Amino acid sequence: MSNQEAKLLVLEFGSGGHSLVYLSRIASVALNVGDRIAIASSINQSLIGAFHGSFENINSVQFLDPGSLWKRKKKVSARAEETFCGVLTGFSLRRQLGNSALRDWKIFFSNFPTSRFLFLRGLLSVFRGDWGAFLVNAPFLRNSLSDRRTERLLRRKQCRSIFTLDEGSIEWIKSSFPQAQSNWLPDFSVVSAKDGPIAKSLRERAAGRPTVLLIGRISGKKGLAAFLELSQEDSLRDFFFAIVGKCEMPGLSSWTRDRIVNHFHPRENTFFWGEEIDSEEEYNRIIQDSSLVWLVFPGFTNSSNTLTKAAFFKSSCIALADSLIGERVTRYSLGVTVREPIIDEAREVLLSMRQWKILVRKDGGPAREDFLREFNEACFTERLESGLRVFLDNR
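As the structure is a computational prediction, the values presented were derived from the model and not from experiment. (Residues numbered from 1 in each chain as written. Predicted model: local features only at pLDDT ≥ 70, side-chain atom pairs only at ≥ 80, totals over all residues. Heavy atoms only, no water.)

Participant: Could you clarify how one ought to interpret the pattern of salt bridges in this entry?
Facilitator: A side chain of one charge can pair with a side chain of the opposite charge if their charged atoms are brought near each other. Scanning the model with the defined rule gives 26 salt bridges in all. A salt bridge links Glu-327 to Arg-142, with the nearest nitrogen and oxygen atoms 2.9 Å apart. Here the residue Glu-327 occupies a position in helix α12 (residues 324-331), and Arg-142 occupies one in the loop between β5 (131-135) and α5 (150-154), the gap between them amounting to 185 residues. With a shortest N-O distance of 2.8 Å, Glu-167 and Arg-328 are connected by a salt bridge. Of this pair, Glu-167 sits in the loop between β6 (159-164) and α6 (170-176) while Arg-328 sits in helix α12, and the two are 161 residues apart along the sequence. Salt bridges sharing common partners tie together Asp-195, Arg-203, Arg-285 and Asp-289. (Salt bridge = Lys/Arg side-chain N within 4 Å of Asp/Glu carboxyl O. Helix = DSSP H or I, 4+ residues; strand = E, 2+ residues; numbered from the N terminus.)

Spelled out as structure tokens, the structure:
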């Protein structure tokens, strides 16, 4: 191990979902393992707020202005603009670090933006030292048809550490990127619950009926079409279907918009809340009150912290078999999986649900307890700290 000072620059390019939760945990671990820490993110103020009063040495962290990370100009081609934006961002961050020797700083992407290959290539042309990446959203791990250009960056010798939430892909990562240390991090989520107006309204409207819940950021990628179709079936009229979460209606197809407005919303056995849920505790309470959480997301290759929440509250899940979520549902007995055609199999699940619910949800069984012991913040932090220490010590 070198006596050289351990300097870590954490870069965050996400802005929604679980970005703040992951970044907060990564930053707090970095404070424990590094000598000098700098953080550049579009959610710096939220991060500072999350840290307030929690860490005595937070004043030793240098918060950098991410500047024009995502700004675009219209005078050049999109490809040139994307690359140039990465280069300018690199120079901006370097100036803020005092133009010190960048080789002394290690870079860690807390949410490696796999869809921004040209931007990353431009940025990494400025930062030529060692770097590591946390693959939160990496479709290429499971979808051979996805954009695989960022794999070329991950194969560079400067990429020294790769973290993933996908335990099923860790062996492939090890063999594909042998120059990098490979680390699996168990996903986790906040699981405190508190009642609120949306949860109360949903409960009152459900009136004790078994609730099938689609929650989170609502889009066509969440199996929305199949969910809407099932809610219309007369054979399932004894079930209550709820859609809760931010729904960008203009981004949906005209068919889907029509289904929501004219068919789903007016029904007596449905509930629709298309806005953001401000309180994560109320979000959790809604999951706690549900009978079955809908995680049938065609084409979705990532982890889902909603699964972690559902497991904690003993709410069963329905997921697509050939997916990371589906593998966990099966392995830890967290519910049931379906295959194409989704609607036919999901219908059969719901029609037999009362008997199945007794078997699955009564206590969750030992497999569910195994899941909760493995997928939690303490395990995530322990593995992250171990991996970051190796990354920083390799100087």
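Back to the write-up after that little detour.
Participant: Quick question: what am I supposed to make of the environment of Ala-6 here?
Facilitator: Turning to its location among the elements, Ala-6 is positioned in the segment before β1 (7-12). A relative accessible area of 4% places Ala-6 in the buried class. Spatially, the C-alpha atom of Ala-6 lies 10.0 Å from that of Phe-391, the residues being 385 residues apart in sequence. (Buried < 20%, exposed > 50% of the residue type's maximum accessible area, 1.4 Å probe, protein only.)

Participant: Can you walk me through the layout of surface pockets in this structure?
Facilitator: Here the idea is plain: a probe the size of a water molecule rolls over the atoms and shows the empty space left. Considered as a void within the structure, the second largest pocket measures approximately 210 Å³ in volume. Around the second largest pocket sit 13 residues that line it, and Gly-299, Phe-300, Leu-320, Asp-322 and Ser-323 are the ones nearest its centre. Class assignment of the residues belonging to the lining of the second largest pocket gives a composition of five nonpolar, four polar and four charged. (1 Å grid on protein atoms, 1.4 Å probe; cavity = no way out; pocket = protein on both sides within 12 Å on 5 of 7 lines; lining within 4 Å. Points joined across faces, edges and corners; volume = space filled by probe spheres on them. Nonpolar A, V, L, I, M, F, W, Y, C, P; charged D, E, K, R; others polar.)

Participant: How do you make sense of the nonpolar core when you look at a structure like this?
Facilitator: A general trend in soluble globular proteins is that nonpolar side chains are found buried together. Ranked by size, the top nonpolar core spans 60 residues in total, and within it Phe-241, Val-244, Ile-286, Trp-294 and Ile-318 carry the most contacts. Not counting residues within four places of it along the chain, the set of residues in contact with Ile-286 comprises Ile-198, Ala-199, Leu-202, Leu-213, Ile-215, Val-244 and Ile-277. Counting 33 residues, the second largest nonpolar core, distinct from the first, contains Ala-40, Phe-109, Phe-119 and Leu-154. (Core = buried A, V, L, I, M, F, W, Y, C linked by side-chain atoms within 4.5 Å. Contact = heavy atoms within 4.5 Å.)

Participant: Mind showing me how you'd approach the packing of aromatic side chains here?
Facilitator: We describe a pair of aromatic rings using the distance from one ring centre to the other and the angle between the two ring planes. Inspection of every chain in the model, using the stated rule, returns 20 aromatic pairs. On the basis of an interplanar angle of 85° and a centroid distance of 5.5 Å, the ring pair of Phe-108 and Phe-163 is categorised as edge-to-face. Of the two residues, Phe-108 is situated in strand β4 (residues 105-109) and Phe-163 in strand β6; the sequence distance between them amounts to 55 residues. On the basis of relative accessible area, Phe-163 is assigned to the buried category, the value being 0%. Ring centres of Trp-172 and Phe-177 lie 5.7 Å apart, and the angle between their planes is 90°; on these two criteria the pair is classed as edge-to-face. Of the residues examined, Phe-177 reaches a relative accessible area of 0% and is grouped as buried. In textbook terms, an aromatic cluster arises when at least three aromatic residues are bridged by ring pairs, as seen for Tyr-22, Phe-134, Phe-188 and Phe-380. A cation over an aromatic ring shows up here: Lys-106 above the ring of Phe-391, its NZ or CZ 4.8 Å from the ring centre. (Phe/Tyr/Trp six-rings, centres within 6.5 Å; stacked < 30°, edge-to-face > 60°. Lys NZ or Arg CZ within 6 Å of the ring centre and 35° of its normal.)

Participant: Hey, could you run me through the side chain of Thr-256 in this one?
Facilitator: Structurally, the position occupied by Thr-256 is in helix α9 (residues 254-264). Of note is the side chain of Thr-256, whose polar atom sits 2.8 Å from the side chain of Ser-253. Excluding anything up to four places from it in sequence, Thr-256 contacts Leu-224 and Leu-228. (Polar contact = N/O pair within 3.5 Å; in protein donor to acceptor, adjacent residues only side chain to side chain.)

Participant: Please explain unusual backbone geometry as it appears in this structure.
Facilitator: Apart from glycine, the bulk of residues carry a negative phi angle, and the bulk of peptide bonds sit in the trans form. Note the cis peptide between Glu-340 and Pro-341, where omega equals -5°. If you trace the backbone, Pro-341 turns up in the loop between β13 (335-338) and α13 (342-351). The backbone of Ala-207 sits at a positive phi, close to 55°, despite the residue not being glycine. Within the secondary structure, Ala-207 is located in the loop between α7 (197-206) and β8 (211-215). Classification of Ala-207 as exposed rests on a relative accessible area of 60%.

Participant: I'm lost on the sheet that holds strand β7 (residues 181-184) in this one. Help?
Facilitator: Two strands in a sheet stick together by hydrogen bonds in their backbones, pointing the same way (parallel) or opposite ways (antiparallel). One open sheet holds the seven strands; their spatial order is β3-β2-β1-β4-β5-β6-β7, and the pairing between them is parallel. A single partner strand is all that each edge strand has here, and the edge strands are β3 (61-64) and β7. Strand-to-strand twist in this sheet, taken as the mean axis angle between neighbours without regard to direction, amounts to 20°. Relative to β4, β1 runs parallel, the two sharing five bridges. (Pairing = 2+ DSSP bridges. Axes fitted to C-alpha atoms, helices over the stretch in contact; angles between N-to-C directions.)

Participant: Please explain the packing of helix α3 (residues 78-96) against helix α4 (residues 117-124) as it appears in this structure.
Facilitator: How two helices pack is summed up by the angle between their axes together with the distance between the axes. Their axes nearest at 7 Å, the elements α3 and α4 cross at an angle of 35°. The two elements α3 and α4 cross, and the hand of that crossing is right-handed. Note on element contacts: α4 touches α3 through Leu-118, Phe-119, Arg-121, Gly-122 and Leu-123, opposite Arg-79, Glu-82, Thr-83, Cys-85, Gly-86, Val-87, Thr-89 and Gly-90. Considered class by class, the residues forming the contact of α3 with α4 number five nonpolar, five polar and three charged. (Left-handed = near helix turned anticlockwise from the far one by under 90°.)

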